[in-house]
Amino acid sequence: MALQAGDVPNALLVLNAGSSSLKFSIFLDEESPRLLLRGEFEALSTHPRFTARADGAVIGEQDWAPGTRLGHEGAIAHLFAWGRREEVLGGRHISAVGHRVVHGGTRFFGPARIDAATLAELEALIPLAPLHQPHCLAAIQAVTRTAPTVAQVACFDTAFHRTQPAVAQAFALPRRYAEEGIRRYGFHGLSYEYIASVLPEVDSHAARGRTVVAHLGNGASLCALLGGRSVATTMSLTALDGLMMGTRCGAIDPGVLLYLMERHGMDARALERLLYEESGLLGVSGESSDMRDLLNRSSAAAGEALDLFVYRIHRELGSLAAALHGLDAVVFTGGIGEHAVPIRARVCQGARWLGLELDEEANARGGPRISGPGSRVALWVVPTNEEVMIARHTRRVLCEVA
């Protein structure tokens, strides 16, 4: 991986695969990876669209006919072919691919070079993340077929939380289930890891102390950091637990599921659909899963969805403050956390008992510091960057094996 004087650095491709989408970023393969461009494929199996941007300007786009089933493999083949054009990467080639992989189970404490054995272990984790893991694996397999000589690295959303004490990872179930891997794992780890990495530059006291990071987006969670290390988080075995989300329910009484099975005859697939795709902001409002839409609506149902979203954050924030035995800072990140001014205001106003005092003008400007001069708890808005964390991990893993 070392470059000689005058060499042109190669590029690192970062992939984040969803069920019908594929987001990508391309970084210079340097000691501190620098973003060259980013983009995405949407509607992979219905009406595929490809867009790439550099410095905010569109540098590549294509639409396929309605009904085209491009899939992850077709998207990745198109991306590699497009990237080989001289005007795209300036003669550079993709030296490695880093993947966001949702679940690393008990085996993976950090990023891992992907080989046949690693892939088999990741496939075994599909039952723990049935709606996410298969798409990550589809992207890995597509890269293998499209560019078999390019190294690949898996970067896990669960790995950052492995520093949590055993008691924070445990369910009160018979021990035999813990032994087969039923425990609290936590997610959004790449986002939290990035925030922890930049927090010393933002607020050195918060970096050393007790901080709750609120990753609020279509998927949402909170994480308690003690000295920059995860000690508790709101998601657990799956990405369903904790906060209310765009279409996911968050924490729910297991008795509700038993009731739905017995009274409504729902099986595992029906419950999966309900809890992952039909609940959350969408389910409560009956109108939209998009926070931007709901903030612009005046219906009672939309208001109730927003009330519940904020209420659940208040409940979980108090819980994590208890796990930390106090609170020095709160950091907002993610699409909602970074951009939804009214939600940040409501969260802070409802948590004044914890020592949060909001500077409303600073909040309206988007920060970065949004706490008032008398606030006992520092309040920040810090944009996350999961992609650069994946690029850093990918480069480090390959340097270690070089």
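Residues numbered from 1 in each chain as written. Predicted model: local features only at pLDDT ≥ 70, side-chain atom pairs only at ≥ 80, totals over all residues. Heavy atoms only, no water.

1. Details of the overall build of the protein chain
- From N to C terminus, the protein chain includes 17 helices and 13 strands.
- The C-alpha radius of gyration of the protein chain comes to 22 Å, within 12% of the 21 Å expected for a compact globule of 402 residues.
- Considering only C-alpha atoms, the protein chain reaches an extent of 55 × 55 × 45 Å along its principal axes.
- A buried classification covers 52% of the 402 residues belonging to the protein chain.
- Of the contacts made within the protein chain by residues no fewer than 6 positions apart, 61% connect residues no fewer than 24 positions apart.
- When the accessible surface of the protein chain is totalled, it reaches about 18400 Å², and 50% of it is carbon and sulfur.
- Between the mean site of the 38 positive side-chain charges and the mean site of the 43 negative ones, the protein chain shows a separation of 3 Å. (Helix = DSSP H or I, 4+ residues; strand = E, 2+ residues; numbered from the N terminus. Rg over C-alpha atoms; globule rule 2.2 N^0.38 Å. Buried < 20%, exposed > 50% of the residue type's maximum accessible area, 1.4 Å probe, protein only. Contact = heavy atoms within 4.5 Å. Areas by Shrake-Rupley, 256 points an atom, 1.4 Å probe, with all protein chains shown as cover. Lys, Arg positive; Asp, Glu negative; His and termini not counted. Charge placed at Lys NZ, Arg CZ, Asp CG, Glu CD.)

2. A closer look at the packing of helix H9 (residues 254–264) against helix H10 (residues 268–277)
- The geometry of H9 relative to H10 is characterised by a closest axis approach of 11 Å and an angle of 135° between their N-to-C directions. Our classification of the angle between H9 and H10 gives oblique. Crossing handedness for the pair H9 and H10: right-handed. In this structure, H9 uses Leu257, Leu260 and Met261 to contact H10, whose residues at the interface are Leu271, Leu274 and Leu275.
- Class assignment for the residues of the contact of H9 with H10 results in six nonpolar, no polar and no charged. (Axes fitted to C-alpha atoms, helices over the stretch in contact; angles between N-to-C directions. Parallel < 35°, antiparallel > 145°, perpendicular 65-115°, else oblique. Left-handed = near helix turned anticlockwise from the far one by under 90°. Nonpolar A, V, L, I, M, F, W, Y, C, P; charged D, E, K, R; others polar.)

3. Thoughts on the pairing of strand E5 (residues 57–63)
- Where strand E4 (residues 49–54) meets E5, six bridges bridge the pair, whose relative direction is antiparallel. Its bridge partner lying in E5, Phe50 is registered against Gln62.
- Where E4 hands over to E5, the hairpin turn is made up of two residues, of which Asp55 adopts a positive phi near 55°. (Pairing = 2+ DSSP bridges.)

4. Considerations on the nonpolar core
- Membership of the largest hydrophobic core comes to 63 residues, with the highest contact counts inside it found for Leu122, Leu216, Leu327, Ile343 and Leu356.
- When residues of this core are assigned to their parent elements, the largest contribution, ten residues, is made by helix H13 (residues 300–324).
- When sequence neighbours within four positions are dropped, the list of residues in contact with Leu327 reads Arg210, Thr211, Val212, Leu317, Leu354, Leu356 and Val377.
- One finds Val331, Ile390, Ala391 and Val397 within the second-largest nonpolar core, a separate group that totals 31 residues. (Core = buried A, V, L, I, M, F, W, Y, C linked by side-chain atoms within 4.5 Å.)

5. Some thoughts on the confidence of the model for the protein chain
- For the protein chain, per-residue confidence averages 95 on the pLDDT scale, and 98% of positions sit at 70 or higher.
- Confidence over residues 1–6 falls short of pLDDT 50; this stretch has seven contacts with residues more than four positions distant or in other chains. (pLDDT = per-residue confidence, 0-100.)

6. Here we look at helix H15 (residues 341–350)
- Within H15, the full set of buried residues consists of Ile343, Arg344, Ala345, Val347 and Cys348.
- For H15, the secondary structure elements touched by its buried residues are helix H12 (291–295), H13, strand E12 (329–333), helix H14 (334–339), helix H16 (360–365) and strand E13 (378–381).

7. Considering the pattern of salt bridges
- Inspection of the entire model under this criterion finds 14 salt bridges.
- The salt bridge partner of Arg395 is Asp29, with a shortest N-O separation of 2.8 Å. With Arg395 in helix H17 (residues 386–401) and Asp29 in the loop between strand E2 (22–28) and strand E3 (34–42), the pair connects residues that are 366 residues apart, well separated along the chain.
- On the basis of relative accessibility, which here comes to 5%, the residue Asp29 falls in the buried class.
- The shortest N-O distance in the salt bridge between Arg269 and Glu272 comes to 3.3 Å. You can see Arg269 and its partner Glu272 sitting in helix H10, three residues apart, about one turn around the helix. (Salt bridge = Lys/Arg side-chain N within 4 Å of Asp/Glu carboxyl O.)

8. Observations concerning a nonpolar patch on the surface
- A cluster of nonpolar side chains, namely Val284, Leu308 and Tyr311, defines an oily patch on the protein surface of about 240 Å² accessible area.
- Here Leu308 shows up in helix H13. (Patch = residues over 30% accessible without salt bridge, like charges linked within 9 Å, V, L, I, M, F, W, Y side chains within 5 Å.)

9. Looking at the sheet that holds strand E1 (residues 11–17)
- A sheet is described by the order of its strands in space; here eight strands give the open sequence E5-E4-E3-E2-E1-E6-E8-E7, paired in mixed fashion. Only two strands of the sheet have a single partner each, and these edge strands are E5 and strand E7 (112–113).
- Inspection of the sheet shows E1 paired to E2 by seven bridges, in the antiparallel sense. When the bridges of E2 are listed, Leu15 appears paired with Phe24.

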